[in-house]
Amino acid sequence: AQHEIQRNLNGIGRASGLTVDSINAIAEASKNLSRGEARDALGAFAATGRIGANASGILDLVKGYGKQTGTDVSAAGKELAGLFADPLAGAEKLATTIGGIDAKTMDYIRTLKSKNDIDGAQRTLMDAISPRLKEAAKNIGDLENLWGRATRSMKEYWDDLGKKSAPLTTAQ
């Protein structure tokens, strides 16, 4: 897992400003994804080279986006990476797929992008779709919630075991 994060940070991923340590810290703090799921999504964000400052906030949307679109967490993270890497194109697509983005918000995102304020455009997009996606994430059944907690616990157990047996040897 640590080597995969490092791979995502090579090349264009360096431009994200994220590091192995920061990705691990954000993943550790994630409340609705396992550390492994969070690291995978964060790795996809970093690999775009355009998502750094807003990575934690976008990560909070992954589960809801998956529920809203019928995709698993891994696919949802990768899709959000693509959508937020170009927030204007992402907003246009999200306006037609999940809604929640009005013309005024779209214009503001367009203005921010024209001023090369990608972080601001990402924040605006995140704020626009956040209520809808957080509601979708909340609307899961008790059984699915219980199963999710159980599988996250097992994944985290194996993840912890892997960290102890194969630490990253390259500079972080």
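Here the structure is a predicted model, which is why all the values come from computation and not from measurement.

**Let's talk about the overall build of the protein chain**
- A tally of helices and strands in the protein chain yields 10 helices and zero strands.
- Listed by position from the N terminus, the elements making up the protein chain come as α-α-α-α-α-α-α-α-α-α.
- Within the span of the protein chain, comprising 172 residues, buried residues form 44% of the whole.
- Total accessible area on the protein chain stands at roughly 9,000 Å², and carbon and sulfur atoms take up 54% of it.

**A word on unusual backbone geometry**
- With phi around 60°, N116 is a residue other than glycine that occupies positive phi space.
- Among the secondary structure elements, N116 is positioned in the loop between α8 (103-114) and α9 (118-138).
- Judged by relative accessible area, N116 falls into the exposed class, the value being 62%.

**Structural notes on the pattern of salt bridges**
- Evaluation of the coordinates by the stated rule reveals five salt bridges.
- The salt bridge partner of R35 is E28, with a shortest N-O separation of 3.2 Å.
- Assessed through its relative accessible area of 10%, R35 is described here as buried.
- For E92, the salt bridge goes to R110, with nearest N and O atoms at 3.8 Å. Highlighted residues: E92 in helix α7 (residues 87-97) and R110 in helix α8, separated in sequence by 18 residues.
- In this structure, a network of salt bridges that share partners links the residues E92, D107 and R110.

**Quick notes on the environment of F45**
- Locating F45 in the fold gives a position in helix α3 (residues 35-47).
- A relative accessible area of 0% means that F45 is categorised as buried.
- Not counting chain neighbours up to four residues away, the residues in contact with F45 comprise I51, A55, I58, L59, V62, G77, L80 and A81.

**Points about the nonpolar core**
- One finds F45, L59, L80, F84 and I129 to be the most contacted residues of the largest nonpolar core, which totals 40 residues.
- Of all elements in the fold, only α2 (20-29), α3, α4 (55-59), α5 (62-69), α6 (73-85), α7, α8 and α9 reach the threshold of two or more residues within this core.

**Brief notes about α2**
- Restricting attention to buried positions, one finds in α2 the residues V20, I23, N24, I26 and A27. In an axial view of α2, the angular spread of the buried residues amounts to 165°, which keeps them on one side of the axis.
- Elements that come into contact with the buried residues of α2 comprise α1 (2-8), α3 and α4.

**Digging into α7**
- Within α7 the residues assigned to the buried category are P87, L88, G90, A91 and L94. Across the axial projection of α7, the buried residues extend over an arc of 155°, all falling on one side.
- Where the residues of α7 are buried, they touch α5, α6, α8 and α9.
- Phi turns positive, to about 75°, at G99, one or two residues after α7.

About the criteria used
Residues numbered from 1 in each chain as written. Predicted model: local features only at pLDDT ≥ 70, side-chain atom pairs only at ≥ 80, totals over all residues. Heavy atoms only, no water. Helix = DSSP H or I, 4+ residues; strand = E, 2+ residues; numbered from the N terminus. Buried < 20%, exposed > 50% of the residue type's maximum accessible area, 1.4 Å probe, protein only. Areas by Shrake-Rupley, 256 points an atom, 1.4 Å probe, with all protein chains shown as cover. Salt bridge = Lys/Arg side-chain N within 4 Å of Asp/Glu carboxyl O. Contact = heavy atoms within 4.5 Å. Core = buried A, V, L, I, M, F, W, Y, C linked by side-chain atoms within 4.5 Å. Arc of directions from axis to C-beta.

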